[in-house]
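Here are the chains, one letter per residue:
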Amino acid sequence: MCSLAFMFMLFKKDRPMTKMIWFMVLSFIMMGFSVISEANIIGLVEYKKEEVLADVESLTDALAKCPENEELKEQLTKKVDLFVKDETEDTPTKPEEVKKIGKAYLALGNDQKVISYSERVLAKDTSNQVAKDLKKFAQTHQLIKETPKSTEDKRTLARKIAINIRELEASTTIQKEQVVELKNSYRQKVIDMKKTKPQ
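Residues numbered from 1 in each chain as written. Predicted model: local features only at pLDDT ≥ 70, side-chain atom pairs only at ≥ 80, totals over all residues. Heavy atoms only, no water.

## What to know about the overall build of the protein
To keep things clear, this is the line we draw: Numbering of helices and strands starts at the N terminus; helices are DSSP runs of H or I of at least 4 residues and strands are runs of E of at least 2. Buried means the residue's accessible area, taken with a 1.4 Å probe over protein chains only, is under 20% of the maximum for its type, while exposed means over 50%, and partly exposed covers the values in between. For accessible areas, the Shrake-Rupley method is used with a probe of radius 1.4 Å. Any residue's cover is judged against the shown protein chains and nothing else.
Tallying secondary structure elements over the protein gives eight helices and zero strands in all. Mapped from its N terminus to its C terminus, the protein presents α and β elements in the order α-α-α-α-α-α-α-α. Relative to its 199 residues, the protein shows a buried fraction of 28%. When the accessible surface of the protein is summed, it comes to about 13700 Å², and 60% of that surface belongs to carbon and sulfur atoms.

Structure representation (C-alpha coordinates):
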(Lines give C-alpha, C1' and ligand atoms only; values in the text may rest on other atoms or scores of the structure.)
Protein backbone atom coordinates (compact mmCIF):
# COMPACT_ATOMS: atom_id res chain seq x y z
CA MET A 1 0.00 0.00 0.00
CA CYS A 2 2.83 2.40 0.93
CA SER A 3 4.74 1.52 -2.24
CA LEU A 4 1.65 2.29 -4.35
CA ALA A 5 1.30 5.71 -2.70
CA PHE A 6 5.00 6.37 -3.25
CA MET A 7 4.69 5.46 -6.92
CA PHE A 8 1.68 7.75 -7.31
CA MET A 9 3.67 10.66 -5.83
CA LEU A 10 6.56 10.02 -8.22
CA PHE A 11 4.27 9.82 -11.22
CA LYS A 12 2.67 13.10 -10.26
CA LYS A 13 5.97 14.89 -9.69
CA ASP A 14 8.40 13.64 -12.39
CA ARG A 15 8.61 13.76 -16.15
CA PRO A 16 7.24 10.87 -18.33
CA MET A 17 10.65 9.23 -18.95
CA THR A 18 11.66 9.51 -15.30
CA LYS A 19 8.28 8.05 -14.34
CA MET A 20 8.94 4.99 -16.48
CA ILE A 21 12.42 4.46 -14.96
CA TRP A 22 11.06 4.77 -11.42
CA PHE A 23 8.27 2.35 -12.24
CA MET A 24 10.74 -0.27 -13.53
CA VAL A 25 13.08 0.17 -10.54
CA LEU A 26 10.23 -0.19 -8.05
CA SER A 27 8.86 -3.22 -9.91
CA PHE A 28 12.24 -5.00 -9.67
CA ILE A 29 12.51 -4.15 -5.96
CA MET A 30 9.03 -5.51 -5.24
CA MET A 31 9.71 -8.68 -7.24
CA GLY A 32 12.98 -9.21 -5.37
CA PHE A 33 11.24 -8.77 -2.01
CA SER A 34 8.61 -11.33 -3.02
CA VAL A 35 11.27 -13.92 -3.98
CA ILE A 36 13.25 -13.34 -0.75
CA SER A 37 10.08 -13.64 1.37
CA GLU A 38 9.12 -16.87 -0.35
CA ALA A 39 12.62 -18.29 0.15
CA ASN A 40 12.48 -17.39 3.85
CA ILE A 41 9.09 -19.10 4.25
CA ILE A 42 10.32 -22.27 2.50
CA GLY A 43 13.45 -22.28 4.67
CA LEU A 44 11.36 -21.88 7.83
CA VAL A 45 9.03 -24.74 6.85
CA GLU A 46 12.00 -27.02 6.11
CA TYR A 47 13.58 -26.14 9.46
CA LYS A 48 10.32 -26.87 11.29
CA LYS A 49 9.99 -30.25 9.52
CA GLU A 50 13.55 -31.22 10.42
CA GLU A 51 12.95 -30.20 14.03
CA VAL A 52 9.75 -32.27 14.30
CA LEU A 53 11.46 -35.23 12.59
CA ALA A 54 14.38 -35.05 15.05
CA ASP A 55 11.85 -35.18 17.93
CA VAL A 56 10.11 -38.15 16.29
CA GLU A 57 13.42 -40.02 16.03
CA SER A 58 14.48 -39.39 19.64
CA LEU A 59 11.01 -40.30 21.01
CA THR A 60 10.95 -43.49 18.91
CA ASP A 61 14.31 -44.55 20.36
CA ALA A 62 13.11 -43.74 23.88
CA LEU A 63 9.90 -45.75 23.37
CA ALA A 64 11.91 -48.74 22.09
CA LYS A 65 13.65 -48.79 25.50
CA CYS A 66 10.41 -48.25 27.48
CA PRO A 67 7.62 -49.73 25.29
CA GLU A 68 4.99 -49.50 28.04
CA ASN A 69 5.50 -45.78 28.72
CA GLU A 70 2.13 -44.16 27.90
CA GLU A 71 3.47 -40.61 28.14
CA LEU A 72 6.13 -41.35 25.49
CA LYS A 73 3.47 -42.94 23.27
CA GLU A 74 1.28 -39.87 23.54
CA GLN A 75 4.15 -37.46 22.77
CA LEU A 76 5.31 -39.55 19.81
CA THR A 77 1.78 -39.84 18.39
CA LYS A 78 1.38 -36.04 18.49
CA LYS A 79 4.74 -35.42 16.78
CA VAL A 80 4.16 -38.00 14.05
CA ASP A 81 0.64 -36.73 13.36
CA LEU A 82 1.98 -33.17 13.22
CA PHE A 83 4.63 -34.13 10.65
CA VAL A 84 2.23 -36.12 8.48
CA LYS A 85 -0.47 -33.42 8.66
CA ASP A 86 1.98 -30.71 7.55
CA GLU A 87 2.83 -32.59 4.38
CA THR A 88 0.90 -31.55 1.28
CA GLU A 89 -0.06 -33.81 -1.61
CA ASP A 90 2.67 -32.21 -3.76
CA THR A 91 5.44 -32.54 -1.20
CA PRO A 92 8.06 -35.07 -2.34
CA THR A 93 8.67 -37.49 0.52
CA LYS A 94 12.29 -38.40 1.13
CA PRO A 95 13.04 -42.09 1.85
CA GLU A 96 14.80 -41.16 5.11
CA GLU A 97 11.69 -39.27 6.29
CA VAL A 98 9.42 -42.19 5.35
CA LYS A 99 11.70 -44.58 7.23
CA LYS A 100 11.61 -42.50 10.43
CA ILE A 101 7.84 -41.99 10.35
CA GLY A 102 7.24 -45.67 9.54
CA LYS A 103 9.58 -46.71 12.36
CA ALA A 104 7.64 -44.45 14.74
CA TYR A 105 4.29 -45.98 13.75
CA LEU A 106 5.76 -49.47 14.19
CA ALA A 107 7.03 -48.51 17.66
CA LEU A 108 3.49 -47.39 18.48
CA GLY A 109 2.21 -50.76 17.26
CA ASN A 110 -0.09 -49.13 14.73
CA ASP A 111 0.05 -51.36 11.64
CA GLN A 112 -2.88 -49.66 9.94
CA LYS A 113 -1.23 -46.23 10.12
CA VAL A 114 2.00 -47.68 8.68
CA ILE A 115 -0.01 -49.10 5.78
CA SER A 116 -2.03 -45.94 5.10
CA TYR A 117 1.08 -43.71 5.33
CA SER A 118 3.03 -46.04 3.01
CA GLU A 119 0.16 -46.04 0.51
CA ARG A 120 0.07 -42.24 0.62
CA VAL A 121 3.80 -42.12 -0.16
CA LEU A 122 3.46 -44.71 -2.93
CA ALA A 123 0.64 -42.69 -4.50
CA LYS A 124 3.24 -39.93 -5.02
CA ASP A 125 6.18 -42.21 -5.82
CA THR A 126 5.41 -45.80 -6.87
CA SER A 127 9.13 -46.74 -6.80
CA ASN A 128 9.67 -45.77 -3.13
CA GLN A 129 11.22 -49.01 -1.80
CA VAL A 130 11.18 -47.81 1.83
CA ALA A 131 7.40 -47.36 1.71
CA LYS A 132 6.99 -50.78 0.03
CA ASP A 133 9.06 -52.50 2.76
CA LEU A 134 7.20 -50.75 5.57
CA LYS A 135 3.84 -51.67 4.08
CA LYS A 136 4.90 -55.30 3.68
CA PHE A 137 6.15 -55.46 7.28
CA ALA A 138 2.89 -54.02 8.67
CA GLN A 139 0.73 -56.27 6.46
CA THR A 140 2.73 -59.35 7.51
CA HIS A 141 2.36 -58.38 11.16
CA GLN A 142 -1.40 -58.04 10.64
CA LEU A 143 -1.55 -61.46 8.93
CA ILE A 144 0.24 -63.03 11.92
CA LYS A 145 -2.14 -61.42 14.43
CA GLU A 146 -5.20 -62.48 12.44
CA THR A 147 -3.98 -66.03 11.67
CA PRO A 148 -6.20 -67.81 14.25
CA LYS A 149 -9.35 -66.07 12.95
CA SER A 150 -8.43 -66.19 9.26
CA THR A 151 -10.70 -68.22 6.97
CA GLU A 152 -7.84 -68.60 4.49
CA ASP A 153 -6.16 -72.01 4.21
CA LYS A 154 -3.53 -72.11 6.97
CA ARG A 155 -0.84 -73.60 4.72
CA THR A 156 -1.37 -70.90 2.09
CA LEU A 157 -1.25 -68.26 4.83
CA ALA A 158 1.92 -69.75 6.32
CA ARG A 159 3.56 -69.76 2.87
CA LYS A 160 2.60 -66.11 2.31
CA ILE A 161 3.99 -65.07 5.71
CA ALA A 162 7.22 -67.03 5.10
CA ILE A 163 7.75 -65.38 1.68
CA ASN A 164 7.14 -61.90 3.15
CA ILE A 165 9.58 -62.52 6.01
CA ARG A 166 12.23 -63.80 3.58
CA GLU A 167 11.85 -60.64 1.45
CA LEU A 168 11.97 -58.42 4.55
CA GLU A 169 15.24 -60.11 5.62
CA ALA A 170 16.83 -58.74 2.44
CA SER A 171 15.44 -55.25 3.10
CA THR A 172 17.71 -52.39 4.13
CA THR A 173 14.71 -50.50 5.56
CA ILE A 174 13.58 -52.94 8.22
CA GLN A 175 16.01 -53.64 11.04
CA LYS A 176 17.15 -57.23 11.54
CA GLU A 177 15.83 -57.19 15.11
CA GLN A 178 12.35 -56.29 13.83
CA VAL A 179 12.37 -59.18 11.36
CA VAL A 180 13.51 -61.58 14.12
CA GLU A 181 10.70 -60.26 16.32
CA LEU A 182 8.24 -60.86 13.47
CA LYS A 183 9.47 -64.46 13.08
CA ASN A 184 9.23 -65.12 16.82
CA SER A 185 5.75 -63.61 16.89
CA TYR A 186 4.62 -66.02 14.17
CA ARG A 187 6.23 -69.04 15.86
CA GLN A 188 4.50 -68.14 19.13
CA LYS A 189 1.18 -67.72 17.35
CA VAL A 190 1.51 -71.21 15.82
CA ILE A 191 2.38 -72.70 19.25
CA ASP A 192 -0.63 -70.99 20.86
CA MET A 193 -2.90 -72.26 18.07
CA LYS A 194 -1.70 -75.83 18.60
CA LYS A 195 -2.36 -75.54 22.35
CA THR A 196 -5.91 -74.29 21.84
CA LYS A 197 -6.70 -76.73 19.01
CA PRO A 198 -9.53 -79.11 19.99
CA GLN A 199 -8.32 -82.66 20.63
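Once you've had a look at it, read on.
## A few points about the packing of aromatic side chains
Filter applied, for reference: In summary, the pairing rule links any two rings of Phe, Tyr or Trp, Trp by its six-membered ring, whose centres are within 6.5 Å, and it sorts them by plane angle into stacked for under 30 degrees, edge-to-face for over 60 and tilted for everything else.
With the rule as written, the count across this model stands at one aromatic pair. Between the aromatic rings of Tyr105 and Tyr117, the centroid separation amounts to 6.2 Å while the plane-to-plane angle is 65°, which identifies the pairing as edge-to-face. A residue pair is termed long-range when its members are at least 10 positions apart, and Tyr105 in helix H4 (residues 95-107) and Tyr117 in helix H5 (residues 111-124) qualify at twelve residues. Note on Tyr117: relative accessible area 3%, which makes it buried.

## A closer look at the pattern of salt bridges
Applicable threshold: Every case where a carboxyl oxygen of Asp or Glu lies within 4 Å of a side-chain nitrogen of Lys or Arg is listed as a salt bridge.
Summed over all chains, the structure comprises ten salt bridges. Its salt-bridge partner being Lys113, residue Asp81 comes within 3.4 Å of it at the nearest N-O pair. Placement of Asp81 in helix H3 (residues 70-86) and of Lys113 in helix H5 is noted, with a sequence separation of 32 residues between them. What makes Asp81 partly exposed here is its relative accessible area of 28%.

## So, H4
Quick note on the threshold: Multiplying 1.5 Å by the residue count of a helix minus one yields the expected span of that helix.
A rise of 1.5 Å per residue sets the reference length of H4, with its 13 residues, at 18 Å; its end C-alpha atoms lie 18 Å apart and thus fit the reference within 8%. Along H4, the positions that sit buried rather than exposed are Glu97, Val98, Ile101, Gly102, Ala104, Tyr105 and Leu106. Two residues or fewer after H4 comes Gly109, characterised by a positive phi angle close to 75°.

## So, the environment of Tyr105
Using the following cut-off: Throughout, a residue-residue contact means that at least one pair of heavy atoms, one from each residue, lies within 4.5 Å.
Residue Tyr105 is classed as buried on the basis of its relative accessible area of 5%. Through-space distance from the C-alpha of Tyr105 to that of Ala138 is 9.6 Å; in sequence the pair is 33 residues apart. Leaving out residues up to four positions away in the same chain, Tyr105 has contacts with Val80, Asp81, Val84, Asn110, Lys113, Val114 and Tyr117.

## Things to note about the packing of H4 against helix H6 (residues 129-146)
Stated formally: Only the stretch in contact is used when a helix axis is fitted, and all axes are lines through C-alpha atoms; the angle between N-to-C directions ranges over 0 to 180 degrees. Oblique is the label for any angle not covered by the other classes, which are roughly parallel (under 35 degrees), roughly antiparallel (over 145) and roughly perpendicular (65 to 115). Crossings are classed by handedness, with left-handed meaning an anticlockwise turn of the near helix from the far one by less than a right angle and right-handed meaning a clockwise turn. Residues are grouped as follows: nonpolar covers Ala, Val, Leu, Ile, Met, Phe, Trp, Tyr, Cys and Pro; charged covers Asp, Glu, Lys and Arg; every other residue, Gly included, is treated as polar.
It is the contact of H4 with H6, at a shortest axis distance of 9 Å, that shows an interaxial angle of 15°. Here H4 is positioned roughly parallel relative to H6, judged by the angle of their axes. H6 is crossed by H4, and the crossing has right-handed handedness. Judged by residue contacts, Pro95, Val98, Lys99, Gly102, Lys103 and Leu106 of H4 engage Val130, Ala131, Leu134 and Phe137 from H6. For the contact of H4 with H6, the class distribution of residues is seven nonpolar, one polar and two charged.

By themselves, these figures tell us nothing about what the structure is for.
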